[in-house]
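Residues per chain, in single letters:
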Amino acid sequence: NLAGDVRFLKDGKRFLWTSEKDGYRHIYLYSNDGKESTQLTKGEWEVRSIVAVSEERVFYTSDEGNPLEQHLYCVKFDGAGKQRLDKTEGWHNVSGSASYYLDSYSTLKSPSRTTLHSGDGTELGVYREAETNEFEILPTEIVKFKGPDGTELFGRMIKPAGFQAGKKYPLIVSV
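Residues numbered from 1 in each chain as written. Predicted model: local features only at pLDDT ≥ 70, side-chain atom pairs only at ≥ 80, totals over all residues. Heavy atoms only, no water.

*Asks:* Help me understand a nonpolar patch on the surface in this model?
*Replies:* There is a patch of nonpolar side chains on the surface, built from Leu-68, Leu-108, Ile-142 and Phe-154 and spanning about 280 Å² of accessible area. Looking at the element boundaries, Phe-154 is found in strand S14 (residues 152-158). Looking at Phe-154, the relative accessible area reads 30%, which means it is partly exposed. (Patch = residues over 30% accessible without salt bridge, like charges linked within 9 Å, V, L, I, M, F, W, Y side chains within 5 Å. Areas by Shrake-Rupley, 256 points an atom, 1.4 Å probe, with all protein chains shown as cover. Salt bridge = Lys/Arg side-chain N within 4 Å of Asp/Glu carboxyl O. Helix = DSSP H or I, 4+ residues; strand = E, 2+ residues; numbered from the N terminus. Buried < 20%, exposed > 50% of the residue type's maximum accessible area, 1.4 Å probe, protein only.)

*Asks:* I'm lost on the pattern of salt bridges in this one. Help?
*Replies:* Two side chains bearing opposite charge may form a pair once their charged atoms approach each other closely. According to the stated counting rule, one finds seven salt bridges in the structure shown. Between Arg-48 and Asp-63 there is a salt bridge, with its nearest N and O atoms 3.1 Å apart. Here the residue Arg-48 occupies a position in strand S5 (residues 47-53), and Asp-63 occupies one in the loop between strand S6 (57-62) and strand S7 (71-76), the gap between them amounting to 15 residues. The exposure class of Arg-48 is partly exposed, given its relative accessible area of 24%. Taking the relative accessible area as the measure of exposure, Asp-63 reaches 9% and is therefore buried. Across the salt bridge formed by Glu-129 and Arg-113, the nearest N and O atoms sit 2.7 Å from each other. With a gap of 16 residues between them, Glu-129 in the loop between strand S12 (123-128) and strand S13 (140-146) and Arg-113 in strand S11 (residues 113-118) connect regions that are remote in the sequence.

*Asks:* Would you mind showing me how to read the sheet that holds S6 here?
*Replies:* Strand pairs in the sheet, formed through backbone hydrogen bonds, run parallel or antiparallel to each other. Overall, antiparallel pairing links the four strands, which are arranged S5-S6-S7-S8 in an open sheet. Pairing within the sheet leaves two strands with one partner each, and these edge strands are S5 and strand S8 (83-84). The pairing of S6 with S7 spans six bridges and is antiparallel. Within S7, the residue paired with Tyr-60 across the bridge is Tyr-73. (Pairing = 2+ DSSP bridges.)

*Asks:* Help me understand the sheet that holds strand S1 (residues 6-8) in this model?
*Replies:* Spatial ordering of the open sheet is given by S1-S2-S3-S4, a layout of four strands whose pairing is antiparallel. The sheet is open, and its two borders are formed by S1 and strand S4 (36-39), each paired with just one other strand. Averaged over all neighbouring strand pairs, the angle between strand axes comes to 25 degrees, with direction disregarded. As paired elements, strand S2 (residues 14-19) and strand S3 (residues 26-31) share six bridges and run antiparallel to each other. Its bridge partner being in S3, Arg-14 is matched across the sheet by Ser-31. (Axes fitted to C-alpha atoms, helices over the stretch in contact; angles between N-to-C directions.)

Structure, rendered in structure tokens:
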């Protein structure tokens, strides 16, 4: 589950690493001798990836607040000053550096839109606008169910155009 999230810092003395040792995937700051220094993120949510690292902050995506969404956050190396940088709901895929990044995001009701941002989260412009005229976006329902151990799981159901209750339809299951 590491997903390449080991980042060595420019000072040559420390590195960042994600771990699930507290039961959730979070970011830890270690000295190069392996001695744990600080757990930077904490809570009953998952860090999805480390996006970028600056001299002062770590930029990362997580599902904090809603496991059906992914948002961009930053936190200082002492674990303080955590801040959510994106301002919209949905699923945010972020790439770039701590100075500038592209945020491609979509929701259940809208296709992907890509915007350029400065490191403080300020939107500088639209790189690629959502092309809504190319897609017929059908209503999406989120369904919840419990796994055998009681864990709450989520599914997404998209019914075909012209759906009629009681009629049989083919089903596609994507895991």
